[in-house]
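Structural description and commentary
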Amino acid sequence: MSSPCHTSAMLLVFVALAVAGAEQSEERSCDVIGDESSESQMERALLKKLEPLSHMRFNVTVEKGKTENYIYHFRVCREVNSTSHDFGGLVQTDRQNGKTTVIGRINETQVFNGSDWIMLIYKGGDSYGSHCSGEKRRAVIMISCKRGVTASSFSIISEEREKEQECFYLFEMDSSVACPAENSHLSVGSILLITFASLVAVYIIGGFLYQRLVVGAKGMEQFPHFAFWQDLGNLVADGCDFVCRSKPRNVPAAYRGVGDDQLGEESEERDDHLLPM
């Protein structure tokens, strides 16, 4: 084989390996049950809402006596072990013998929600043995609203395997992604108050800068329309005095001071004896 042909063949091999590596490194996400054309738009929207949790891993250990000692591994719309290519979104590991059991797979996903919760369901897990008529396992994860927390408190609630059909594992966790959007609408009064305060601030700051930089005012004269507001204050004080006063202006005050009643009335002619006769 000639050198150019050999080089081209090597390049093709490298490109093929690079493409294969890229496909392997790309993690698969949730696939809603049903054909792509019939998938629910609501379910797609909920999966997009859960996307911030996809990079996180959750584990919980359950120990019941000497017979049951398991670790449950969970990821939101991602495979727990991407190298195994088993679509396992929730996997059980037996701590005694290391055996792994897929509880639910992300390629058979259902999701729905309420006002403050999201229910994520992985179906198509490994088959039961003698329980539940040998049907495939199913994981149900209840994600409840908790503001300010990305994700926490992942735990298993129960395993229902005493029925003939529709058995499931029930898990729960808290996350802010399940919370409804906060209503930030302002009332009409709040909008008017904010508008008025903004206009007052613009008037004071703008007038102050104009008086200082353009007019060259100093001290209190920098306040916009200082003389007007000063006169207005005096007029308001006079009006309050006029409205609130309960007696005519020429009536003397009833308060005479401490000790006035002991002094008695002074005679208007108390100095008459000093006048020359």
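The structure we're discussing is the one just above.
Sequence positions are assigned chain by chain, starting from 1 and proceeding in written order. Under the rules for a predicted model, residues below a pLDDT of 70 receive no local features and side-chain atom pairs below 80 are neither given nor counted, while totals for whole chains, interfaces and linings still include all residues. Note that water and hydrogens are dropped before the side-chain values are worked out from all heavy atoms of the structure.

As for the packing of aromatic side chains
Note on aromatic pairs: each is described by the distance of the centres and the angle between the planes. Rules: Centres within 6.5 Å are what make two rings of Phe, Tyr or Trp a pair, Trp counting through its six-membered ring; a difference in plane orientation under 30 degrees is then read as stacked, over 60 as edge-to-face, and the rest as tilted. A helix here means a DSSP run of H or I that spans at least four residues, while a strand means a run of E at least two residues long, and both kinds are numbered starting from the N terminus. Relative accessible area decides the class of each residue, using a 1.4 Å probe on protein chains only: under 20% of the type maximum gives buried, over 50% gives exposed, and in between gives partly exposed. Lysine NZ or arginine CZ positioned within 6 Å of the ring centre and within 35 degrees of the ring normal marks a charge as sitting over the ring.
Within this structure, the stated rule accounts for 10 aromatic pairs. Ring geometry for Tyr72 and Phe171: centres 5.4 Å apart, planes at 70 degrees, overall edge-to-face. Of this pair, Tyr72 sits in strand β2 (residues 68-75) while Phe171 sits in strand β8 (residues 168-175), placing them 99 residues apart in sequence. Relative accessible area serves as the criterion here: at 0%, Phe171 is assigned to the buried category. On the basis of an interplanar angle of 5 degrees and a centroid distance of 5.5 Å, the ring pair of Phe154 and Phe171 is categorised as stacked. With Phe154 in strand β7 (residues 152-160) and Phe171 in strand β8, this residue pair connects regions lying 17 residues apart in the sequence. Arg137 extends its terminal NZ or CZ atom over the ring of Tyr128, reaching a point 4.6 Å from the ring centre.

Overview of the sheet that holds strand β5 (residues 117-124)
Heads up, the rule is: We treat two strands as partners when DSSP finds at least two bridges between them. Between N-to-C directions, angles span 0 to 180 degrees; the directions come from axes that are lines fitted to C-alpha atoms, helices contributing only their stretch in contact.
With mixed pairing, the 8 strands of this open sheet are ordered in space as β1-β2-β3-β4-β5-β6-β8-β7. Both edges of this open sheet fall to β1 (57-64) and β7, since each of them pairs with a single strand only. Along the sheet, successive strands turn relative to each other by an average axial angle of 25 degrees, direction set aside. In this sheet, β8 lies alongside strand β6 (residues 139-145) in parallel orientation, the contact comprising 7 bridges. Bridge assignment links Ile141 to a residue of β8, and that residue is Phe171.

So, the state of the cysteines
For the record, the criterion: We call a pair of cysteine sulfur atoms a disulfide when they lie within 2.5 Å.
Going through the model one piece at a time under the given rule, you end up with 3 disulfides. Disulfide partner of Cys30: Cys77, at an S-S distance of 2.1 Å. An S-S torsion of about -100 degrees defines the bridge between Cys30 and Cys77 as left-handed. Pair noted here: Cys30 is in the loop between α1 (3-25) and α2 (41-49) and Cys77 is in the loop between β2 and β3 (88-94), with a separation of 47 residues, a long-range link. By the burial criterion, Cys30 is buried, and Cys77 matches it. Across the disulfide, Cys132 is cross-linked to Cys167 (sulfur-sulfur distance 1.7 Å). When the S-S torsion is -100 degrees, as for the bridge of Cys132 with Cys167, the disulfide is left-handed. Of the two residues, Cys132 is situated in the loop between β5 and β6 and Cys167 in the loop between β7 and β8; the sequence distance between them amounts to 35 residues. The connectivity of the disulfides in the protein chain is 1-2, 3-5, 4-6, where the numbers refer to bonded cysteines in sequence order.

Observations regarding the pattern of salt bridges
The condition is simple: By convention in these notes, a salt bridge is any Lys or Arg side-chain nitrogen within 4 Å of a carboxyl oxygen on Asp or Glu.
Scanning the model with the defined rule gives 8 salt bridges in all. When salt bridges with common partners are traced through the structure, they connect Glu27, Glu51, Arg75 and Arg78 into a single cluster.

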